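Summary of the model geometry
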Amino acid sequence: MAEKPKSTFYLVVAVVIIGLVVFALYRSDLFAPKGGEGQPPEDITAPPILEDEAYNAALTTVQEWQFVPTERLPEVRGTSAYRPLENNTIRFALNVWAGWAPIILANEGFQAGHVWRTPAGEEFRVELVLIDDPVAMRDAYAAGEVHVGWATLDMVPLFLEGFVDSSGTPRDSRVMPRIYQQIDWSNGGDGIIVRESIRTVSDLRGRQVVLAQNSPSQYFLLNMLVYGGLQPHEVQMVFTQDAFQAAAAFNAQSDIAAAVSWAPDIYNLAEAPGNRMLVTTQTANRLIADVWFARADFARDHQSILEGLVRGIFDSMELLYEDEAQRRRCAELMAAGYNLPVDEALGMMGDAHWTNWAENYQFLVNRNNPTGFQRVWDQAYSLYRRIGSVTHTQIPFDQVMDFSIIQQLGQDPRYANQVDRYQVQFTPRTVNEITAAESPILTQTVSINFYPNSWDLHHRVVRQVEGRSVEELYDPNVEHVLEEIARLAGEFGLAQIVISGHTDSSMRGQVPENLVVELSERRANAVRDALVQQYQLDPNQFAVRGAGWSEPADRNDPFNHAKNRRVEAAVYPAEGM
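All chains use their own residue numbering, which begins from 1 and follows the written sequence. The predicted origin of the model limits local features to residues at a pLDDT of at least 70 and limits the giving and counting of side-chain atom pairs to 80 or more, whereas totals for whole chains, interfaces and linings rest on all residues. The side-chain quantities take in all heavy atoms of the structure and omit both hydrogens and water.

1. Let's talk about the overall build of the protein
Defined as follows: Helical segments are the DSSP runs of H or I of at least four residues, strand segments are the runs of E of at least two, and each set is numbered from the N terminus. Should any heavy atoms of two residues lie within 4.5 Å, those residues are counted as being in contact. Note on areas: these come from Shrake-Rupley sampling with a 1.4 Å probe, and a residue is covered only by the protein chains present in the view.
Helix and strand counts for the protein stand at 20 helices and 19 strands. Partitioning the contacts of the protein with sequence separation of at least 6, the portion at a separation of at least 24 is 78%. Of the roughly 25,900 Å² that the protein leaves accessible, carbon and sulfur atoms contribute 50%.

Written out as structure tokens, the structure reads:
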């Protein structure tokens, strides 16, 4: 009779079976991480979750991504004098972006073949150097390998973090940037894609948002959060190496509520079931400004070349706006330099609005422009300081921006006669027409302390200060509040804005409600009129309503009179126009 297996045999068999089961579960991805709370480890790559994997993959430019930890830009690798000009050729860095179309067309491609001329007739050439990674570009610029760098204006304070010490003193004055020209406004190239349940910016509170840090995507998101009444720490920012990877992560992980990314991915994802577009720079069309900057030492030595560059780029912009054949020719040059299909390069051009001399003058010189250089500069510093990306003392804007060439070109009728091509003519619409068409992207709440029973924004009172009678504004912060709303209206240049006036309910039962509603509407009208007069904004961009005391700021605290005395500016997307 055969011997019965011993207990050791059964133990070995059990271990083998358990091992096979564990291995199968591991290979099945059943317990693969799906994002969860906090910052994912940087080596996590989550599996796709959509059933149709082919459809899923077609939605984004890339299908793989990697989460990265929160960090400031790395230290600059080193600085040096700029590279000597060979054959009087400057090296101009740029990235894959439609905004650079004018210089690509003017230069007849990326190689240094075209002969440019300074105003005095001196010949020079331009080599366009493709450096898509902003950190790599910054280091090449600091080392003197390129003479001109690219950036969105909001990124420049991040670069300066590596160029100055904590007090704002340059570590090497040779590499300090000099910005001479705005190339464009992003016009639909950037956007925030969300799940269908996210209707406004405030709905992102406590949710995960994936994006590329230290980039225009982060600046875009920070602006939207602050305007929407959220602080950056109230959302869970999850970072990837670039915006395309952010789109891929959003596409694959259902626990990510929103992604900040670029075209074409944002538009492809918006068409997928369960997603929607929250906002793009087609609506927030004066938020992200592309600029170029020269090294300080190069600018000192070659001012005439820089003026020749500015002139040539402006002239090329006019060709692109007026001649379809030139646009097609430019697309062919872009396609060759960017390694893209021609039709894709042509389609990219709609993502940027090139800014001519008239628009550069408004951006660089007009101090009353609510979306001008100084206000973008100050806003970038404010937002990046909140999250610790910038720690140095703010550099004054006029130590970086140089409007001398723009001013000088104003003496030339070829430029002085140009008009702003970015003006929008709004069709007047009532509050009901605006609100019925779309939900607001966000609502900004600000406080203006009106004198009792008055709608005069600049009402003055006499107060006793150290035994003296002093006449001053009833609300000394009113101009700052108006500027906040003006900047919102300017940055959302293709949106319509509903201004709502609200009052507290302290006189409930003593004053007829219809009179309170009338008072709140007059206060809302006073705000709109001040914005139109002081900042030359289109009155048809605004619609006003008086809510009286019927809509407390906090339904759980309806008698908080300080909160309820307020003005709200709600932004409605251009798609509803």
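2. Remarks on empty space enclosed by the protein
Filter applied, for reference: Whether a set of points on the 1 Å grid over the protein atoms alone is a cavity depends on a 1.4 Å probe fitting there but being unable to get out, while an open set qualifies as a pocket with protein on both sides within 12 Å along at least five of seven lines; lining residues are those with an atom within 4 Å of a point. Grid points are joined across faces, edges and corners, and a volume is the space filled by probe spheres set on the points.
On inspection of all chains with the given rule, the structure shows two cavities of 30 Å³ or more. By volume, the largest cavity amounts to about 50 Å³. Every residue along the wall of the largest cavity is listed here: Ile448, Phe450, Gly501, His502, Ser520, Arg523, Arg565, Arg566 and Val567. Counting residues per element, the ones that place at least two in the lining of the largest cavity are β17 (496–502), α19 (513–535) and β19 (566–572).

3. Let's talk about helix α10 (residues 303–322)
Let me state the cut-off plainly: The length a helix should cover is 1.5 Å for every residue beyond the first. Relative accessibility under 20% of the residue-type maximum defines a buried residue, over 50% an exposed one, and the middle range a partly exposed one, all with a 1.4 Å probe and only protein chains included.
Along its 20 residues, α10 runs 29 Å from first to last C-alpha, staying within 8% of the 28 Å computed at 1.5 Å per residue. With 14 of its 20 residues buried, α10 lies for the most part within the structure.

4. Focus on the pattern of salt bridges
This is how the line gets drawn: What makes a salt bridge here is a side-chain nitrogen of Lys or Arg within 4 Å of a carboxyl oxygen of Asp or Glu, nothing more.
Inspection of every chain in the model, using the stated rule, returns 26 salt bridges. Where aspartate 343 meets arginine 328, a salt bridge forms, and the shortest distance between an N and an O atom there is 3.1 Å. Separated by 15 residues along the polypeptide, aspartate 343 in helix α12 (residues 342–348) and arginine 328 in helix α11 (residues 324–338) bring together distant segments of the chain. Given a relative accessible area of 35%, arginine 328 falls into the partly exposed group. Between glutamate 551 and arginine 545 there is a salt bridge; the shortest N-O distance is 2.5 Å.

5. What about the layout of surface pockets?
Test applied: In this classification, the charged set is Asp, Glu, Lys and Arg, the nonpolar set is Ala, Val, Leu, Ile, Met, Phe, Trp, Tyr, Cys and Pro, and all remaining amino acids, among them Gly, are polar.
Reported here for the largest pocket is a volume of approximately 1,100 Å³. Residue lining of the largest pocket: 39 residues in total, with Asp132, Pro134, Asp242, Ala243 and Trp262 positioned closest to the centre. Broken down by element, the residue count for the lining of the largest pocket peaks at three residues, all from α12. Here the residues of the lining of the largest pocket are counted per class, giving 20 nonpolar, 10 polar and nine charged. Here the second largest pocket is characterised by a volume of approximately 560 Å³. Along the wall of the second largest pocket there are 26 residues; nearest its centre are Arg286, Asp420, Gln423, Gln536 and Leu537. Elements with a contribution of two residues or more to the lining of the second largest pocket: β6 (177–186), α13 (357–364) and α18 (478–491). The element that contributes the greatest number of residues to the lining of the second largest pocket is α13, accounting for four residues.

6. Details of the packing of aromatic side chains
Basically, it comes down to this: Only the six-membered ring of Trp is used, alongside the rings of Phe and Tyr, when aromatic pairs are assigned; centres must lie within 6.5 Å, and planes under 30 degrees apart are stacked while those over 60 apart are edge-to-face, with the rest tilted. As a reminder, the over-ring test applies to NZ of lysine and CZ of arginine, requiring each to be within 6 Å of the ring centre and within 35 degrees of the ring normal.
Scanning the entire structure with this criterion turns up 20 aromatic pairs. In textbook terms, an aromatic cluster arises when at least three aromatic residues are bridged by ring pairs, as seen for Trp185, Phe363, Phe373, Trp377, Tyr381 and Phe397. For the cation-ring pair, arginine 195 lies above phenylalanine 250, with the distance from its terminal atom to the ring centre recorded as 3.7 Å. For the cation-ring pair, arginine 522 lies above tryptophan 455, with the distance from its terminal atom to the ring centre recorded as 4.4 Å.

7. A few points about the sheet that holds β17
Put simply, the rule reads: Two strands pair if DSSP finds at least two bridges between them. Here, axes are lines fitted to C-alpha atoms. For helices the fit covers the stretch in contact, and angles between N-to-C directions go from 0 to 180 degrees.
Pairing is mixed across the open sheet formed by four strands, whose spatial order is β14-β19-β17-β18. Looking at strand neighbours, the two that pair on one side only are β14 (442–446) and β18 (542–548), the edges of this open sheet. For this sheet, the mean inter-axis angle between neighbouring strands, taken without regard to orientation, is 20°. For β17 and β18, the ladder comprises six bridges, and the chain directions are parallel.

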